[in-house]
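Here is what each chain is made of, one letter per residue.
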Amino acid sequence: EKLQAGLVLYEGEWVSASDRDRLKKGMVKLGDKWVTRSEKELVDRGWRKLKGTWMSPEDYLSFHRNWQNAWESTTEHFRIRTNASESLLETLGGMLEAALLEIRTYEGGGEVRPAAGKKIQALAFHSFADYRAYCEKSGSLDKLNAAGFARTDSDTVVGWNKTGNEADLCATMVHELVHYV
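If you're wondering where the values come from, they're calculated on a predicted model, not measured in any experiment. (Residues numbered from 1 in each chain as written. Predicted model: local features only at pLDDT ≥ 70, side-chain atom pairs only at ≥ 80, totals over all residues. Heavy atoms only, no water.)

## Observations concerning the environment of A133
Okay, so step 1: Take A133: it is sitting in helix α5 (residues 128-138).
Okay, so step 2: Between the C-alpha atoms of A133 and E72, which are 61 residues apart in sequence, the distance is 18 Å. (Helix = DSSP H or I, 4+ residues; strand = E, 2+ residues; numbered from the N terminus.)

Structure representation (structure tokens):
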């Protein structure tokens, strides 16, 4: 039956012929991808491959903490960018989408900003220095004392991690979204 299914016996396990060939070369399965044993060991230690280079968890975080290299994501209604953490990027996407749905429900289901087909830009900064640089660049120096702000003229909500707590940063971003719509 296994042979008829195209499987071959390799080191006591039934595998496809192509998997056997990979196993013979020393490859291992990582999720749904085949990688070398050394690559799997790096991943198991938390290393990440970025632009063809393996980076330690610390170097990977440091790279993305630079605003120019911030993590980015797109959801149905948002373009999100953050240099706080990769997990915040995922959390923030779901949280902002849920908040927008609630706001629209509260508003009676009618259309609220942004205009159809446009996305709201959500910028979540890890540090005050990055937030300040954005405020200077966008002509929003009057917002420096705030934890965030919303700009309807550019479809943007902005916040920075003022308390050092990412849950507070998420709350700030939702708060600014309410001001935006």
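On we go.
## Focus: a nonpolar patch on the surface
Okay, so step 1: A surface patch of nonpolar side chains, amounting to about 340 Å² of accessible area, comprises L3, L9 and W14.
Okay, so step 2: Among the secondary structure elements, W14 is positioned in strand β2 (residues 13-16).
Okay, so step 3: Using a relative accessible area of 37% as the deciding quantity, one classes W14 as partly exposed. (Patch = residues over 30% accessible without salt bridge, like charges linked within 9 Å, V, L, I, M, F, W, Y side chains within 5 Å. Areas by Shrake-Rupley, 256 points an atom, 1.4 Å probe, with all protein chains shown as cover. Salt bridge = Lys/Arg side-chain N within 4 Å of Asp/Glu carboxyl O. Buried < 20%, exposed > 50% of the residue type's maximum accessible area, 1.4 Å probe, protein only.)

## Side note on the pattern of salt bridges
Okay, so step 1: Under the defined criterion, the tally for this structure stands at 10 salt bridges.
Okay, so step 2: Residues D44 and K40 are paired through a salt bridge, measuring 2.9 Å at the closest nitrogen-oxygen approach. On the criterion of helical spacing, the pair formed by D44 and K40 is a turn pair, its members being four residues apart in helix α2 (residues 37-44).
Okay, so step 3: Put simply, K143 and D142 hold a salt bridge, and the shortest N to O gap is 3.8 Å.

## Notes on the packing of helix α4 (residues 86-106) against helix α6 (residues 166-180)
Okay, so step 1: Direction vectors running N to C along α4 and α6 enclose 35 degrees, while the axes themselves pass 10 Å from each other. Here α4 runs over α6; the crossing is right-handed. Side by side, α4 and α6 meet where S87, L88, T91, L92, M95, L96, A99, L100 and I103 of the first sit next to E166, L169, C170, M173, V174, L177 and V178 of the second.
Okay, so step 2: Across the contact of α4 with α6, the residue classes break down as 13 nonpolar, two polar and one charged. (Axes fitted to C-alpha atoms, helices over the stretch in contact; angles between N-to-C directions. Left-handed = near helix turned anticlockwise from the far one by under 90°. Contact = heavy atoms within 4.5 Å. Nonpolar A, V, L, I, M, F, W, Y, C, P; charged D, E, K, R; others polar.)

## Quick word on the sheet that holds strand β9 (residues 120-125)
Okay, so step 1: Spatially, five strands are ordered β7-β8-β9-β11-β10 in an open sheet, and the strand pairing comes out mixed. Whereas interior strands pair on both sides, the edge strands pair on one side only; in this sheet they are β7 (71-74) and β10 (148-151). Ignoring which end each strand starts from, the neighbouring axes of this sheet average 10 degrees apart.
Okay, so step 2: Across four bridges, the pairing between β10 and strand β11 (residues 156-160) is antiparallel. Bridging across to β11, F149 finds its partner in V158. (Pairing = 2+ DSSP bridges.)

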